Every structure is written in structure tokens, then in C-alpha cells.
Amino acid sequence: ELMNLPGELDAAAVRQVAVHYPFDDSAACFTSSEPVLNEVWELCKYSMKATSFCGVYVDGDRERIPYEADAYINQLSHYAVDREFSIARFSHEYLLDHPTWPTEWKFHSIMMAWADHMYSGDARSVAQHYDKLKTRLLEEHARSDGLLQTVAQRPKGARSDMGDIVDWPPGERDGYDLRPLNTVVNAFYLHGLRLMSDLAGALEKTDEAKAYAEKAKRLTDVFKRVLFDAAKGMYIDGEGSEHASLHANMFPLAFGLVPPERVPAISDVVASRGMACSVYGSQYLLEALYLGGRADIALQRMISRDIRSWYNMIRAGSTITFEAWDDRFKPNQDWNHAWGAVPGNIIARYLMGVRPMEPGFGKVLIAPEPATLKHAAAQIPTIRGPIGVSFKNEPGRPLNLEVDLPVGVTARVRLPALAASASRITLDGRMRRCSLIGGRVVIDNVGSGHHRVVAG
């Protein structure tokens, strides 16, 4: 923006210099029958390229320092658009030595370590920093029943003291009632315990892996008893609260803490609240919707043209994702914030359904969720090479899914719910033994190469 410029200004007088971390523009692609979704994906992809100029994930131009939650979303979306793992690991390890203040951000370090291990297949960073990762569980704040009692709000003016954040900016919390025993904090804690169990197992620390898993299982029951309000049929914001926000329900759903029999009801609660969270919170909102069987609502959130949408960032004229949905929600926001690029990873991981089942993508889940999309195709980079997934989902016609797997990769192909009633399912033109798991048709141990699944 130029102000009080003497004389005339035309295009010939403007030069632009762009600096970014090495980026392979051809590593990933995506297209679908929904033009807005295609624009949103391109916005997210370019945001990964443009915000990497520091060589470490930063939370935008305003502060230019790493934060754990920002870096985690940046990491997942970067993995989805480029075959690059070093900057994510460097950012994660930097934050282990330079942690930031929000309570929930501590758990994101464990989540970054787990994602690094699963996507790269390399456990050396986990081994080197395992003891630091254990401290990010904040177990010193556990009370007698095992749940965490933390600082409901950061002391005014403090930069290093811990404080619960729930969502940011504060106006994006759906009226959250901050209590010392906070539902969101404890949802992250239980998620962290499960991931630490996996990480301990990867290092062959069998006893610790078992202990973390058992603690997570026991505390999940305590979490349900203390924080689920049976009369409301919802999770409340914290112990003693009468308020049940979107956040108190979407985080337990996203982290797999909701008992199976309650998943439909909690999914309906989450779906009913709209986009009552920030661009950061949308990571867990969209994960909750997909995991709760509401792919239709998740797609609608990503292609919305409302002010609280990714299309609003494009409409405003930005080529990089925002820190907040709009300037009216955060007047001092920056327009180059990678945590706003949530659909970059959600499209790859949930809409196209590509997620590692084993460290380093030795086995991969292919579980697309077309919802109302008529067709979509993506190339998704992995440590073993690109994975291609495309589908045709024309009304009244069989679902047609095509998958390309690199050498050395096997897949579990899980078809969307609409295929559960199919009278005939073929793999590469032949009938194939299938399983029905959770109401979904599953074809396991699909080998490398090109495959076509038809369900109709």
C-alpha cells in the first residue's frame, strides 16, 4: 500500500521480489466439479509456498515467530502439497526448545512429532526428543482423578506463562465458559496420551506405551463422567459449567473421545453450529465432521461464500490465507497466515481420504468422501512417491474410484457410505472379497500400481 505518493503510478513502475523455501509446484494437484473448492485448494497450496520464506514455520508477517498450533496446521498442509519434510521437523524441534504460552499449544508438539514420524517413517527425532515430549503432557497439573486443572486465562501482559486459549481470537470461542477444568484442554491431554503411547511403541518402550494407553483409556471414562451433560446430550465447556459450546463438542469428536453410540448426536450438534470458530478451530471442526460421518456439511463449510469462509479471503483479493476470517473479526490480522490453509490438508486427508496407516506410508488408507461432488482427482505426495486418487460420483450411476499406488505401498480402500448398499463391487474388473466395517465397505491389502474400484 502506497500513500501520499507524488506523481503517477502505473504497472511499469512496480517490481516484486518473492522469496520462499524450495517448493515443487508439480508435486501435488487437485481438481473437482466444484469451482470454489478448486480455488480454495489453490489458495492453500500457494500459502504453503509463500509463507515459508523464513525457513521455519511462522505465524504470519505480524509476529514472524513460530507457534505450535500454527506450525502443526502448516505441517499437515505442507505435506499435502509438497514432498518436503525438513522444514516441518526443524520447526517442531525449534519449538521444543522455544515453547510458546498457550496451554493447548504444548500438546501440539506431541502431535507434530507424531505427524513427522508417520509421514517420514523416521523415528530419530522422536528418540532424540522423547523426554521433552513427555513434559508436553503437563501431567504436573493433574488433580486426584487424573484430569488436568490448568490456568483458565493467561495473566494479563504475560508472554511466557501458561494460559488456556480454546480458540483465537477470543471472539471466536462460541461463548466458551473458561473453567479451571477445561474440556478442550483435557481433550488435547487425552489425545496426547494416545499419541505418546504410539511414539513410545515406535521406540520399543513397551512398558511406557502400555502405561500411556491404559491411562488414556481410564481417563476417557473420567472425562465422560465429569464433562458430558446427559440432560443436554452434549459436552459442557468445563467442570461446573452450564454452557455447551461448539468447541467443547468438536474437539472430543475430532479426537475420538465420543463413545460410538453418541457420535451421531454429537455430530449433529457440531453440524448445527455453523462456522462458530476461527480459521485455527476449523481444522478440528472439519476433522470432527468427517470423522462424525458428516462429509456433506464439511464440504459445504469449505465451499461456503459466507464472510466466515475461505472464499471470503479470495473475494477480498488475497492470494494467501488470512489469520482470521475477516478484518472485522481481528482488525490487526495479517493476510499471510498459514494456519488459515486448513483445507490444504483436509482435502488430501479426508475428502480424498489419503492417510498413512503405518509410519512412512508402507500402508495407506484410501477413504474418499465425495459427498455431493460429482468428480474429483488429486495427486498427493508421500515419502514413497505420489499417490493418485480420483472418483466419479454421478447420481444414479455406479461409484467409480481409481487409485495409483507407488511401489512398496499397500492400501486399505474404504468406500464412502453411499457404496454400502451396492449390489456389486469390483476391483480391476473382478469381484473382490470385501469387509463391512462400521457400515463401510473395505477392501484390504491392495497392492502397488493402478487400480479401479466400481461399486453399483
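Cut-offs used in this document
Residues numbered from 1 in each chain as written. Predicted model: local features only at pLDDT ≥ 70, side-chain atom pairs only at ≥ 80, totals over all residues. Heavy atoms only, no water. 1 Å grid on protein atoms, 1.4 Å probe; cavity = no way out; pocket = protein on both sides within 12 Å on 5 of 7 lines; lining within 4 Å. Points joined across faces, edges and corners; volume = space filled by probe spheres on them. Helix = DSSP H or I, 4+ residues; strand = E, 2+ residues; numbered from the N terminus. Nonpolar A, V, L, I, M, F, W, Y, C, P; charged D, E, K, R; others polar. Buried < 20%, exposed > 50% of the residue type's maximum accessible area, 1.4 Å probe, protein only. Contact = heavy atoms within 4.5 Å. Pairing = 2+ DSSP bridges. Core = buried A, V, L, I, M, F, W, Y, C linked by side-chain atoms within 4.5 Å. Axes fitted to C-alpha atoms, helices over the stretch in contact; angles between N-to-C directions. Parallel < 35°, antiparallel > 145°, perpendicular 65-115°, else oblique.

**Q** Hey, could you run me through empty space enclosed by the protein in this one?
**A** In this approach a probe as big as a water molecule rolls over the atoms, and the regions it shows empty are the leftover space. Per the stated rule, a full pass over the model turns up 3 cavities of 30 Å³ or more. By volume, the largest cavity is sized at about 50 Å³. If you trace the largest cavity, you find it lined by Leu76, Tyr79, Ala80, Tyr119, Ala348, Arg349, Val354, Phe361, Ile380 and Pro381. When residues of the lining of the largest cavity are traced back to their parent elements, those giving at least two are α2 (68–81) and α13 (342–351). Here the element with the most residues in the lining of the largest cavity is α2; it accounts for 3 residues. Looking at side-chain class alone, the lining of the largest cavity contains 9 nonpolar, no polar and 1 charged residues.

**Q** Teacher, can you tell me more about helix α5 (residues 124–135) here?
**A** Note on helix geometry: an α-helix contains 3.6 residues per turn, so any two residues three or four positions apart are oriented the same way. Among all positions of α5, only Ser125, Val126, His129, Tyr130 and Leu133 are buried. At its buried positions, α5 is contacted by α3 (86–97), α4 (103–120), α6 (183–202) and α7 (206–227).

**Q** Whenever I open this one, the pairing of strand β13 (residues 440–446) confuses me. Can you help?
**A** Remember that side chains alternate between the two faces of the sheet whenever the strand is regular. Here β13 lies mainly inside the structure; 5 of its 7 residues are buried. When strand β9 (residues 410–414) meets β13, the two strands line up antiparallel, connected through 3 bridges. Note on β13: the bridge partner recorded for Val413 is Ile443. Once strand β12 (residues 435–437) ends, the chain turns through 2 residues before running back antiparallel as β13, passing Gly438 with a positive phi of about 60 degrees.

**Q** Would you mind showing me how to read the pairing of strand β1 (residues 29–32) here?
**A** Burial along β1 is one-sided: Phe30 and Ser32 are buried, while Cys29 and Thr31, pointing the other way, are not. Summarising the sheet, β1 and strand β6 (residues 375–380) pair through 4 bridges and their orientation is antiparallel. Bridge assignment links Cys29 to a residue of β6, and that residue is Gln379.

**Q** Before we go on, may I ask you to explain the nonpolar core in this structure?
**A** The tendency in soluble globular proteins is for nonpolar side chains to be buried side by side. The biggest cluster of nonpolar side chains holds 140 residues, and the ones touching the most others in it are Leu351, Met352 and Ile366. By residue number, the principal contributor to this core is α6, which donates 11 residues. Not counting residues within four places of it along the chain, the set of residues in contact with Met352 comprises Phe30, Ile347, Ala367, Pro368, Ala376, Ala377, Ala378, Ile380, Val389, Ser390 and Phe391.

**Q** Please clarify how the packing of helix α1 (residues 35–50) against α13 should be interpreted in this entry.
**A** Each pair of packed helices gets described by two things: the angle between the helix axes and the distance between those axes. The geometry of α1 relative to α13 is characterised by a closest axis approach of 8 Å and an angle of 120 degrees between their N-to-C directions. Judged on the interaxial angle alone, α13 and α1 are oblique. On α13, the residues touching Leu37, Val40, Trp41 and Cys44 of α1 are Pro343, Gly344, Ile347 and Leu351. Partitioning the contact of α1 with α13 into residue classes produces 7 nonpolar, 1 polar and no charged.

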